[in-house]
Amino acid sequence: MQRIYDTRAGKKVDLVLREPGKVGMYVCGVTVYDLCHVGHARTLVAFDVIVRHLRARGLEVRLVRNITDVDDKIIRKGNAEGRPAAEVAECYADAMSTDMAALGIAAPDVEPRATQHIADMIEVIRRLEARDLAYPAEGDVYYSVAGFPSYGALSGQSIDDLQAGARIEVGEHKKSPLDFALWKRAKPGEPAWESPWGPGRPGWHIECSAMSHRYLGDSFDIHGGGSDLIFPHHENEIAQSEGAFGSFAHYWMHSGMVNFGGEKMSKSLGNVVTIRRVAETHDLEALRLLLISVHYRSPANFTIARDGAGLAVYPDLDEAEARLDYFYRTLERLDAFLAPLAPPPAAPPPSDLATNVGAAMDDDFNSAAAIGHLYDAFVLANKLLDDPKAMPKPERQKALAAIARDARAVGATLGIMLRPPAEFLLSRRDRLCVRRTIDRAVVEARIIDRTAARKAKEFARADEIRAELKASGVELMDTPTGTAWRVAG
RNA sequence: GGCGACGUACCCAAGUGGUUAAGGGGGAGGUCUGCAAAACCUCUAUUCAGCGGUUCGAAUCCGCUCGUCGCCUCCA
């Protein structure tokens, strides 16, 4: 049984689907007014892993993830850059798709854009109006929170609590401070659409109610997003959707924020690291590993330090990449061992790895625990690989084959270890060479010199070369098949 | 001020009522090696912010104190 933490219930509950075997899921995507940062990556990776696990369990998941392509910040950016808001949105939507693909995030089944569903939003607002949950005011349309008594249930606040701190901004025409805009009247220089209330554009929250309804129906199983969306965004979605259609999401899942220097990483705080910035110096798979090494609901750290030259460096990412290196090296060893052997007559039974990771992921998608189990399996694999006499030959082969198979299955669920090991390993080495200004040809030449010295038993000279390369960051590994080298992580 | 989390070793981080408190990093020894690296082995929290309480039994439940963070305004 799959357990999931439901924000509204405030605890882990059994996932009971509306239709057995099928999951309808809506995840709030991004507002495309700038490049995506590590915080976006966190949320989207978290839900990617959740979807991957549900699918691995045989469930048919329909994932809808929206793109908000009309909003104040997009408009402001367009004005600042002297180009239409739609062009700004298009540009960053493309960038987002590229970055998500680079992070190995599976594309959603449906990726609706707000501006393509204006008619659906108008329809939802009309329904709300018909039920006295919406009222027009000077070309705007507001949601009347007073008509929705359970407002605040998701975030655990009462209408009274909320009322205390709420305010009406200048230029708004709300009847009550908690009311929020469903439709905003057109202002000069802003994109606008025709509506029964005159030209204007949608409020932020209405698009998710309209698009989730269009693609998932009156109700669906899971609604997800970053925890910063709980209030007011998701609270407002509930008010809109339940108000208009009577029902909505059955389970609410929220991923934790990424902290940097003890503060949330966000565009408004100006402390963002974009995904592209990370990709300049690291393998994005390392970012993925770093993000899933923490439970999805907990805050994740992303440490930024300065090197001697004052350039930003990311120690947590370095470590994650080194760990990924270990995973891939172990896989490479497993492959090398298993490749020449005839496959076992019968498929080996699931390893402890498969069992333990399955249990961890069934328990509210505990990817951090799953990674712990991955280490256990890889330590065992290396031990068996190192010691041919560890167990009888057929058993040893079976155990290693099971780990290799199950590790890749775990990788498929977590979205890591999906490449041929050599591809990762060599690309990482090349990247580290660039970072440390190491010339591969020089290294290769010195290795040839050293091999000659070793053949001649001139060990002092051989050690001199080893030390010289070591000083530049290159580590030599003498193996039965020759000398390999790596760059110290 | 309101609401909600969190505080586990030098660092990161699982565990949320019951065998020896996962795992990783770092550190200290060791096996292997001409020397190394890698890999592997051993050690590194009688204890889970503090203080009370419930219980046969708590890191896990309750209360208080201290500390940190998030939301309450755009936010993944």
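Going by the structure above, here's the rest.
This text gives an overview of the structure that appears in the document. (Residues numbered from 1 in each chain as written. Chains lettered and ligands numbered in written order. Predicted model: local features only at pLDDT ≥ 70, side-chain atom pairs only at ≥ 80, totals over all residues. Heavy atoms only, no water.)

### Notes on unusual backbone geometry
With an omega dihedral of 0°, the bond running from phenylalanine 231 to proline 232 counts as a cis peptide bond. Structurally, the position occupied by proline 232 is in helix 7 (residues 230–245). One non-glycine residue, methionine 417, adopts positive backbone phi at about 60°. Position of methionine 417 among the secondary structure elements: in the loop between helix 13 (393–414) and helix 14 (421–435). The phi torsion at threonine 437 lies on the positive side, around 45°, for a residue other than glycine. In this structure, threonine 437 sits in the loop between helix 14 and helix 15 (440–455). Accessibility expressed as a relative area gives 71% for threonine 437, which makes it exposed. (Helix = DSSP H or I, 4+ residues; strand = E, 2+ residues; numbered from the N terminus. Buried < 20%, exposed > 50% of the residue type's maximum accessible area, 1.4 Å probe, protein only.)

### Points about the sheet that holds strand 10 (residues 249–255)
Pairing in this open sheet of 4 strands is parallel, and the strands run 4-3-9-10 from one edge to the other. Strands at the two margins of the open sheet, each flanked by one partner only, are strand 4 (60–65) and strand 10. Between one strand axis and the next, the sheet turns by 20° as a mean value, whatever way the strands run. Pairing between strand 3 (residues 22–27) and strand 9 (residues 220–226): 3 bridges, direction parallel. If you follow methionine 25 over to strand 9, its bridge partner there is isoleucine 222. Of the strands in this sheet, strand 3, strand 4 and strand 9 are in contact with helix 6 (residues 206–216), which crosses strand 3 at around 160°. (Pairing = 2+ DSSP bridges. Axes fitted to C-alpha atoms, helices over the stretch in contact; angles between N-to-C directions. Contact = heavy atoms within 4.5 Å.)

### Considering the packing of helix 4 (residues 118–130) against helix 7
Contact geometry for helix 4 and helix 7: axes closest at 9 Å, N-to-C directions at 70°. On the basis of the axis angle, helix 4 is roughly perpendicular to helix 7. For the pair helix 4 and helix 7, the contacting residues are Val124, Arg127 and Leu128 in the first and Gln240, Gly243, Ala244 and Phe245 in the second. Residues that form the contact of helix 4 with helix 7 fall into these classes: 4 nonpolar, 2 polar and 1 charged. (Parallel < 35°, antiparallel > 145°, perpendicular 65-115°, else oblique. Nonpolar A, V, L, I, M, F, W, Y, C, P; charged D, E, K, R; others polar.)

### Points about the packing of aromatic side chains
Overall, the coordinates contain 15 aromatic pairs when judged by the stated rule. Ring centres of tyrosine 143 and phenylalanine 180 lie 5.0 Å apart, and the angle between their planes is 10°; this geometry places the pair in the stacked category. Note that tyrosine 143 is positioned in strand 6 (residues 140–143) and phenylalanine 180 in strand 7 (residues 180–185), a separation of 37 residues in sequence. Seen from their ring centres, tyrosine 326 and phenylalanine 327 are 6.1 Å apart, and the 55° between their planes marks the pair as tilted. Take tyrosine 326: its relative accessible area is 15%, and that puts it in the buried class. Judged by its relative accessible area of 0%, phenylalanine 327 is buried. The structure contains a cluster of three or more aromatic residues connected by ring pairs, namely Tyr26, Phe220, Phe248 and Trp252. Against the face of tyrosine 135 rests lysine 175, its NZ or CZ located 4.2 Å from the ring centre. (Phe/Tyr/Trp six-rings, centres within 6.5 Å; stacked < 30°, edge-to-face > 60°. Lys NZ or Arg CZ within 6 Å of the ring centre and 35° of its normal.)

### What to know about helix 3 (residues 85–102)
For helix 3, which comprises 18 residues, the first-to-last C-alpha distance of 26 Å matches the rise-based estimate of 26 Å (1.5 Å per residue) to within 8%. Residues Ala85, Val88, Ala89, Tyr92, Ala93, Ala95, Met96, Asp99 and Met100 constitute the buried set of helix 3. Relative to the axis of helix 3, the buried residues are bounded by an arc of 170° and lie together on one face. Of the residues in helix 3, the exposed ones pointing more than 90 degrees away from the buried face are Ala86 and Ala101. Against helix 1 (38–56), strand 4, helix 2 (72–81) and helix 8 (275–281) lie the buried residues of helix 3. Of the residues trailing helix 3, glycine 104 is marked for its positive phi of about 75°. (Expected span 1.5 Å × (residues − 1). Arc of directions from axis to C-beta.)

### Comments concerning the pairing of strand 1 (residues 3–6)
Side chains Ile4 and Asp6 of strand 1 all project onto a buried face; the interleaved residues Arg3 and Tyr5 project onto a face where none is buried. Sheet topology places strand 1 next to strand 2 (residues 11–14); 4 bridges connect them, and they run antiparallel. Bridging from a neighbouring strand, aspartate 6 pairs with lysine 11 of strand 2. The hairpin turn running from strand 1 into strand 2, its antiparallel successor, is 4 residues long, and glycine 10 in that turn takes a positive phi close to 75°.

That is the geometry; function is a separate question.
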